[in-house]
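# Structure at a glance
Read off the chains here:
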Amino acid sequence: MSDYIEFLQEVFDQFGPITARKMFGGYGIYHQGLMFALVADDTLFLKADAETIPLFEVEGSGPFEYEKNGKVTKMSYYLAPEEIMDDREFAAIWGQRAFQAALRAKAGSKPVRRKKKL
């Protein structure tokens, strides 16, 4: 695990325990088994949705983007405000916002139903 990921455990200590899993050259950051953040190039992005995107925009934060086959894809994770790195209470607030966005996204996804074989 990178030093940055270990540092994030301290950043989010008031929010609650977090875990990290390697993914696509970065890390998925989880709380209670649900991914609420991602880390790419030692940069933290938090889960966002229609309810929280305006809060990120006020902070001047934009979405995580990556390029594949000449096409830019934006994800529903936004750059975390820099202040959370120094303010644990602020980090807890933003962690909770991201976690709630992840919960809303999970609730909105419908399970895949398999057809019964006859």
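Moving on to the environment of Val 11. Tracing the sequence through the fold places Val 11 in helix 1 (residues 3-11). The sequence separation of Val 11 and Met 85 amounts to 74 residues, and the corresponding C-alpha distance is 6.0 Å. The contacts of Val 11, once residues within four sequence positions are left out, are Ile 84, Met 85, Arg 88 and Ala 91.

Per the stated rule, a full pass over the model turns up 9 aromatic pairs. Centre to centre, the rings of Phe 15 and Phe 99 are 6.3 Å apart; their planes meet at 70°, and the pair counts as edge-to-face. Of the two residues, Phe 15 is situated in the loop between helix 1 and strand 1 (19-23) and Phe 99 in helix 3 (residues 88-108); the sequence distance between them amounts to 84 residues. Of the two residues, Phe 15 and Phe 99, both sit in the buried class. One aromatic cluster is present, built from ring pairs that chain together Phe 12, Phe 15, Phe 36 and Phe 99.

Applying the stated criterion across every chain yields a total of 3 salt bridges. Among the ionic pairs, Arg 104 bridges to Asp 49, the shortest N-O distance being 2.6 Å. A residue pair is termed long-range when its members are at least 10 positions apart, and Arg 104 in helix 3 and Asp 49 in the loop between strand 4 (43-47) and helix 2 (53-58) qualify at 55 residues. Taking the relative accessible area as the measure of exposure, Asp 49 reaches 16% and is therefore buried. Put simply, Glu 51 and Arg 104 hold a salt bridge, and the shortest N to O gap is 3.7 Å. Of the two residues, Glu 51 sits in the loop between strand 4 and helix 2 while Arg 104 sits in helix 3, which places them 53 residues apart along the sequence. Residue classification places Arg 104 among the partly exposed residues on the basis of a relative accessible area of 31%. Through salt bridges with shared partners, a single ionic network connects Asp 49, Glu 51 and Arg 104.

Conventions used here
Counting restarts for each chain, with residues numbered from 1 along the sequence as it is written. In keeping with the model being predicted, local features are shown solely for residues with a pLDDT of at least 70 and side-chain atom pairs are shown and tallied solely at 80 or more, while totals for entire chains, interfaces and linings include all residues. Side-chain measures here rest on the full set of heavy atoms in the structure, leaving out hydrogens and waters. Numbering of helices and strands runs from the N terminus; a helix is a DSSP stretch of H or I covering at least four residues, while a strand is a stretch of E covering at least two. We call two residues in contact whenever any of their non-hydrogen atoms come within 4.5 Å of each other. Classification of ring pairs uses Phe, Tyr and Trp, with its six-membered ring standing for Trp, and accepts pairs whose centres are within 6.5 Å; under 30 degrees between planes counts as stacked, over 60 as edge-to-face, and the remaining range as tilted. Note on exposure labels: buried denotes an accessible area under 20% of the residue type's maximum, exposed denotes more than 50%, and partly exposed covers the range between, all computed with a 1.4 Å probe on protein chains only. Throughout this description, the term salt bridge denotes a Lys or Arg side-chain nitrogen within 4 Å of a carboxyl oxygen of Asp or Glu.

In short, geometric facts, not functional conclusions.
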